Amino acid sequence: MCGIFGYLGTKNTATSMILDGLKALEYRGYDSWGVAIKKEDGTLFVQKHIGKIGNARIPSFHSHIGIGHTRWATHGGVTEANAHPHIDCTGKVAIVHNGIVENFEGLKLDLQNKGHRFSSETDSEVIVHLIEEIQKTQSDLTIVMQKLRSKISGMNALIAFFPEDESFYIIKNGSPIVVGSVDDDYFIASDASAILPYTNNVYFLEDNEMLHISQSGISLFDNLGAKKIAKFTKLSYSAKSAEKGEYKHYMIKEILEQPKVLKNIIDTQTHEIEIAADLIKHAYGTYLIGCGTASYACLAGTYLFSKIAKRHINFAIGSEFSYLIDFLKENSLVFALSQSGETIDTIASVKKAIKRKSKLLSLTNSEGSTLYRMSDTNLLLHAGTEKAVASTKAYTAQIVYLYLIAHQLADSLDDGKKHVTQAIHTIKNLIEQKSKIELLAKEIAKHKSIFILGRGVSYAAALESALKIKEVSYIHAEGFAAGELKHGVIALIEKETPVILFNPEDETYEDTLSAAHEVKARGAHVIGVSSKNDKVYDTFIEVKNCADATIIPNVVIAQLLGYYLALAKNLDPDMPRNLAKSVTVK
Ligand code: M6R
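Reading the values: the criteria
- Each chain carries its own residue numbering, running from 1 in the written order of its sequence.
- This being a predicted model, a pLDDT of at least 70 is required before a residue's local features are given, and a value of 80 or more before pairs of side-chain atoms are given or counted; all residues contribute to the totals for chains, interfaces and linings.
- Computation of side-chain values: all heavy atoms of the structure, hydrogens and water removed.
- Secondary structure is summarised from DSSP: a helix means a run of H or I of at least four residues, a strand means a run of E of at least two, and numbering begins at the N terminus for each.
- In this scheme, a residue with accessible area under 20% of its type's maximum is buried, one over 50% is exposed, and one in between is partly exposed, where area comes from a 1.4 Å probe on protein chains only.
- Any two residues whose heavy atoms approach within 4.5 Å are treated as being in contact.
- Surface exposure here means Shrake-Rupley accessible area, sampled with a 1.4 Å probe, where a residue is shielded only by the protein chains that are shown.
- Think of it this way: Lys and Arg go in the positive column, Asp and Glu in the negative one, and His and the chain ends go nowhere.
- A charge is said to be at NZ when it belongs to Lys, at CZ for Arg, at CG for Asp and at CD for Glu.
- Residues are labelled near a given molecule or strand when at least one of their non-hydrogen atoms is within 4 Å of it.
- Ten residues, namely Ala, Val, Leu, Ile, Met, Phe, Trp, Tyr, Cys and Pro, are considered nonpolar, four, namely Asp, Glu, Lys and Arg, are considered charged, and the remaining ones, Gly among them, are considered polar.
- Only when DSSP finds a minimum of two bridges between them are two strands counted as paired.
- Orientation is described by lines fitted to C-alpha atoms, with helices fitted over the stretch in contact, and by angles between N-to-C directions that extend from 0 to 180 degrees.
- UniProt positions are given in the numbering used here, feature names are shortened, and annotations may be inferred rather than shown by experiment.
- It is the rotation of the near helix from the far one that decides the hand of a crossing: anticlockwise by less than a right angle makes it left-handed, clockwise makes it right-handed.
- Each helix should span, by expectation, one fewer than its residue count multiplied by 1.5 Å.

## Description of the overall build of the protein
For step 1, the next point in the chain: Along its length, the protein carries 16 helices and 25 strands.
For step 2, the next point in the chain: Each of the three principal axes of the protein carries a C-alpha extent, and together these read 80 × 50 × 40 Å.
For step 3, the next point in the chain: Sorting the 586 residues of the protein into buried and exposed places 61% on the buried side.
For step 4, the next point in the chain: Contacts spanning at least 24 positions in sequence make up 70% of the contacts within the protein whose residues lie at least 6 apart.
For step 5, the next point in the chain: For the protein, the computed accessible surface area is about 22700 Å², with 49% contributed by carbon and sulfur atoms.
For step 6, the next point in the chain: Here the protein contributes 64 positively and 67 negatively charged side chains, and the mean placements of these two sets differ by 1 Å.

## Points about the site of the ligand
For step 1, the next point in the chain: Close to the ligand lie 15 residues; Ser-338, Gln-339, Ser-340, Thr-343 and Glu-471 are nearest.
For step 2, the next point in the chain: Only α8 (293-309) and α14 (457-473) provide two or more residues apiece to the shell around the ligand.
For step 3, the next point in the chain: With three residues, α14 is the single largest residue contributor to the shell around the ligand.
For step 4, the next point in the chain: Broken down by class, the residue content of the shell around the ligand amounts to six nonpolar, seven polar and two charged.

## So, the sheet that holds strand β7 (residues 156-162)
For step 1, the next point in the chain: Taken together, seven strands build an open sheet; the order of strands is β5-β6-β7-β8-β12-β13-β14 and the sheet is antiparallel. The sheet terminates laterally at β5 (86-87) and β14 (227-228), the two strands that pair on one side only.
For step 2, the next point in the chain: Relative to strand β6 (residues 94-99), helix α3 (residues 125-135) is tilted by about 135°, and along the sheet it contacts β5, β6 and β7.
For step 3, the next point in the chain: Here helix α4 (residues 141-151) sits on the sheet and contacts β7, β8 (167-173), β12 (209-214) and β13 (217-221); the angle it forms with β8, its principal contact strand, is near 25°.

## Some remarks on the sheet that holds strand β19 (residues 359-364)
For step 1, the next point in the chain: The five strands are arranged β17-β16-β18-β19-β20 in an open sheet whose pairing can be described as parallel. At either end of the open sheet lies a strand with only one pairing partner, and these are β17 (314-317) and β20 (377-380). When strand polarity is set aside, the average angle formed by the axes of neighbouring strands in this sheet is 20°.
For step 2, the next point in the chain: The sheet contact formed by strand β16 (residues 286-290) and strand β18 (residues 333-338) spans four bridges and is parallel. Among the inter-strand pairings, Ile-289 is bridged to a residue of β18, identified as Ala-336.
For step 3, the next point in the chain: Along the sheet face, helix α11 (residues 393-409) touches β16, β18, β19 and β20 and points at about 150° away from the line of β18.

## Concerning the UniProt feature "domain: Glutamine amidotransferase type-2" (unreviewed entry) in the protein
For step 1, the next point in the chain: UniProt feature "domain: Glutamine amidotransferase type-2" (unreviewed entry): in the numbering of this structure it lies at residues 2-216.
For step 2, the next point in the chain: End-to-end, the C-alpha atoms of residues 2-216 are 29 Å apart, and along that stretch the chain is 20% helix and 32% strand.

## Regarding the packing of helix α7 (residues 270-282) against α11
For step 1, the next point in the chain: Viewed as axis vectors pointing N to C, α7 and α11 meet at an angle of 65°, and their least axial separation amounts to 9 Å. Note on packing geometry: the crossing formed by α7 with α11 is right-handed. The segment α7 lies against α11, with Glu-272, Ile-273, Glu-274, Ala-276, Ala-277, Ile-280 and Lys-281 engaging Tyr-401, Leu-404, Ile-405, Gln-408 and Leu-409.
For step 2, the next point in the chain: In the contact of α7 with α11, the residues fall into eight nonpolar, one polar and three charged.

## Quick notes on unusual backbone geometry
For step 1, the next point in the chain: In this structure, Pro-85 follows His-84 across a cis peptide bond, with omega equal to 0°.
For step 2, the next point in the chain: Of note in this structure, Asp-411 is not a glycine but carries a positive phi near 65°.
For step 3, the next point in the chain: Since its relative accessible area comes to 72%, Asp-411 is described here as exposed.
For step 4, the next point in the chain: Phi at Glu-496 is positive, roughly 75°, even though this residue is not glycine.
For step 5, the next point in the chain: Secondary-structure assignment places Glu-496 in the loop between β22 (476-481) and β23 (498-502).
For step 6, the next point in the chain: Exposure remark for Glu-496: the relative accessible area of 43% places this residue in the partly exposed category.

## Re the environment of Leu-361
For step 1, the next point in the chain: Following the sequence through the fold, Leu-361 ends up in strand β19.
For step 2, the next point in the chain: Under the relative-accessibility criterion, Leu-361 is labelled buried at 0%.
For step 3, the next point in the chain: Discounting chain neighbours no more than four positions away, the residues touching Leu-361 are Ala-276, Leu-279, Leu-333, Val-334, Phe-335, Ala-336, Thr-377 and Leu-379.

## Looking at the side chain of Thr-370
For step 1, the next point in the chain: Within the element layout of this structure, Thr-370 appears in helix α10 (residues 370-374).
For step 2, the next point in the chain: With near-sequence residues (within four places) excluded, Thr-370 lies in contact with Pro-176, Gly-341, Glu-342 and Ile-347.

## Here we look at helix α16 (residues 551-568)
For step 1, the next point in the chain: Over its 18 residues, α16 extends 26 Å from the first C-alpha to the last, a length consistent with the 26 Å expected when each residue adds 1.5 Å.
For step 2, the next point in the chain: Counting buried positions along α16 gives 16 out of 18 residues, so the element sits mostly inside the fold.
For step 3, the next point in the chain: Backbone geometry just after α16 places Asn-570 at a positive phi near 60°.

## A closer look at the pairing of β12
For step 1, the next point in the chain: For β12, the buried fraction is high: six of the six residues fall into the buried class.
For step 2, the next point in the chain: Neither face of β12 is left uncovered, since the one carrying Glu-209, Leu-211 and Ile-213 and the one carrying Met-210, His-212 and Ser-214 both have all their residues buried.
For step 3, the next point in the chain: Where β8 lies against β12, five bridges are found, and the strand directions are antiparallel. Pairing of Tyr-169 across the sheet is with His-212, part of β12.
For step 4, the next point in the chain: What sits between β12 and β13 in their antiparallel hairpin is a turn of two residues.

Spelled out as structure tokens, the structure:
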């Protein structure tokens, strides 16, 4: 949440680099944005705006140092004043911040009593006034920043920019921040994807580290202020996969990329799948955890492991797992799923599990992310950067991974690969006929509610499908276990209510068909998704049977439906209201 970008170096194009950096990070928050850039005449140019950065321009001038921020509001509404950067009373320090300063209220009162003038309602602004206050008695900036660190609490990442000194201090505790270095140019960002156009040589700051960058180089400090070496690594992925190219939206680009992403897992990840299966085999209980879409992939995993591998794998929502860990043992395995590898709720739970000495296996899409770095074993989805807020290709890649691990445990990996290959063909067919789903979206866009039903692994698919539809179209969508209908849910069904029914030809088929009759009898518009048509369906979407991998094309239908519902309602599917791609605050 919130995107931070900074540039310090030899080029005089800081303005355009900072703007490009913010555009690359906009998916992290798009309430408002701002920049603070030092001009060649020595003055500080500050500009802030409400809304998305989109095609925004800033006056073009030469500069070789500056910072920028794109915001997802936590404390203080969406106003220009609350946008970052924040500047101290003297105009000599500027900061951009991601996270929450938990003790800001007391600090603010104290600073106000000392005469500091606040111009925003944010927690972040206390940082810059605190720096100014500490500077009154201390001129060594490194000591100033050490003192600042000891005074603020919470999970934070920030850049403090000292224009006169032409230097940055970067602090990290909790929220992610990465530095890229090439020759004498330095790039700082919340996410490596914003740095990759310039270099893949990066250093991910660890919690409680502080980095000083100036024209004469970098110095890294540990939590006690002792100097340490920053070991840079070379990332293997490129900036290219993060481009929108010819597509209107990232969401449709990422939906259409799925056949390629899933095939890549079949072709290249066998060794990693074997490693994961082996860890699960030898663990004293495995716990799948994740948030949002990743949590629904985990839930699907529990069904797949039970049915295919005959194993009980536990599942918990990332933000709830903290309250469920008292029984974890040294040989328990926590298997954390996260596209970004930065989701704070998952990371916080994982940290508690690590304290209990449990082992951590992670499956992320972000090499070098926090979760990736803290894991005993880290697997990568290799899905390419996912930019749209609604997760699509990362979800199906997670399902394929779990599906193949389950098959590996059952000694039937080849069968698993065969089913996934069938699922890929089915997705390609669906994509070819996507105009049909677009038409359906136009038909049902006027409805206030949509329900999605399924049993077994299709129940997990129903939950994910509902999330996809609601987050981009703002239509109230609910996924239910089809068997739960009669226990209360059916009261919601009215004449013409769209009800999507995932009904693969598996052990759930007949019972799910009964649910179709029950909602039809109450006037619902029944949309059957199955390999077999039935007269109970008002609309039928054919999905070939791909054994338990049928969940994959089924969810792709909901992804396309969500996308076209958003378009039908004239909404931007890439940046839904109130959301950000990466949830890095609690
Ligand atoms: O990066 P993560 O996979 O950990 O993200 C978890 C959720 O925040 C994420 O899946 C969210 O629910 C998406 N917007 C869903 O489309």
